[in-house]
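Each chain is listed here by its residues.
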Amino acid sequence: AIVGSGVSLDAQEARAISGGGKGYASTTLKGSFEGGDYSGNDFSGSVAKDISFKGSKLVGCRFYKANLNGADLSGVDLTGGSLESADLGEANLAGAVLEQAYISNTILEAKSLKGASFTDAIMPAKVLENLCLRKDVSGATAESLGCP
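Novice: Got a minute to help me understand unusual backbone geometry in this structure?
Specialist: The phi angle of most residues is negative, glycine excepted, and most peptide bonds adopt the trans form. Phi is positive for serine 26, which is not a glycine, with a value near 60 degrees. For serine 26, the position within the fold is in the loop between α1 (11–14) and β3 (28–29). Of note in the backbone geometry, aspartate 120 takes a positive phi value of approximately 60 degrees without being a glycine. Tracing the backbone shows aspartate 120 in the loop between β3 and α2 (125–131).

Pasting the structure below:
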């Protein structure tokens, strides 16, 4: 269920919403969002602690200041999205597609970035430098970041 502003929806009902209003902004998410297509939605300020988005299509989604602590974002497609100032502590981004995404320093808190793709991602230089130092950033992931 999605709870916020007196409204409660589960993931199945939420999929029926198309292009109206704020999407999931400032809501508390419940249940599973695995394998769905939520492209273009705004999750800014949402609480998605420990929520699974595993394998979901999140193209162009905005997670500005969202609480994604412990969330499973493995295998998601977040092309062109934003994780600016999102709480990513213990979040799993293994195999995530973060191409052309806007990323801030909170990406450094993620539990796993193994196999993630960052081609053309936008981030501060210091964040890039620190990402390249992580043990789980190697091979194709390091190459997509342009790590030395």
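And the narrative resumes.
Novice: Explain the pattern of salt bridges to me, please; I cannot follow it from the model alone.
Specialist: One side chain can pair with another of opposite charge once the charged atoms of both are near each other. Counted by the stated rule, this structure contains 2 salt bridges. Taking the shortest distance from any N to any O, the salt bridge between glutamate 129 and lysine 126 comes out at 3.3 Å. Placement of both glutamate 129 and lysine 126 in helix α2 is noted, with a separation of 3 residues, approximately one turn of the helix. Its relative accessible area of 52% is what places lysine 126 among the exposed residues. One salt bridge connects arginine 134 with aspartate 136, and the closest N-O pair in it is separated by 2.9 Å.

Novice: When you look at the packing of aromatic side chains in this model, what are you seeing that I'm missing?
Specialist: Ring pairs (aromatic) are described by centroid distance and by the angle formed between their planes. The tally for this structure, following the rule as stated, stands at 8 aromatic pairs. Note on tyrosine 24 and phenylalanine 33: the rings are 5.8 Å apart at their centroids and 85 degrees apart in plane angle, and the pair reads as edge-to-face. With respect to class, tyrosine 24 is no different from phenylalanine 33; both count as buried. Put simply, the rings of Tyr24, Phe33, Tyr38, Phe43, Phe53 and Phe63 touch in pairs and so form one group of aromatic residues.

Novice: Could you clarify how one ought to interpret the environment of aspartate 136 in this entry?
Specialist: Of note, aspartate 136 is situated in the loop between α2 and α3 (139–145). Judged by relative accessible area, which is 18%, aspartate 136 ranks as buried. Separated by 21 residues in the primary sequence, aspartate 136 and glycine 115 have C-alpha atoms spaced 8.1 Å apart. If sequence neighbours within four positions are ignored, aspartate 136 has contacts with Lys111, Ser112, Leu113 and Lys114.

Novice: What's the story with the nonpolar core in this structure? I'm lost.
Specialist: One broad trend across soluble globular proteins is that nonpolar side chains are buried collectively. Counting residues in hydrophobic clusters, the biggest one holds 39 residues, and the most contacted among them are Phe53, Phe63, Leu68, Leu93, Leu98, Ile107 and Phe118. Every element with two or more residues in this core is listed here: α2 and α3. When residues no more than four places from it in sequence are discounted, the contact partners of leucine 93 are Leu73, Ser74, Leu83, Leu98, Ile107, Ala110, Ser112, Leu113 and Ala116.

What counts as what
Residues numbered from 1 in each chain as written. Predicted model: local features only at pLDDT ≥ 70, side-chain atom pairs only at ≥ 80, totals over all residues. Heavy atoms only, no water. Helix = DSSP H or I, 4+ residues; strand = E, 2+ residues; numbered from the N terminus. Salt bridge = Lys/Arg side-chain N within 4 Å of Asp/Glu carboxyl O. Buried < 20%, exposed > 50% of the residue type's maximum accessible area, 1.4 Å probe, protein only. Phe/Tyr/Trp six-rings, centres within 6.5 Å; stacked < 30°, edge-to-face > 60°. Contact = heavy atoms within 4.5 Å. Core = buried A, V, L, I, M, F, W, Y, C linked by side-chain atoms within 4.5 Å.

So, to be careful, I would describe these as geometric facts and stop short of saying anything about function.
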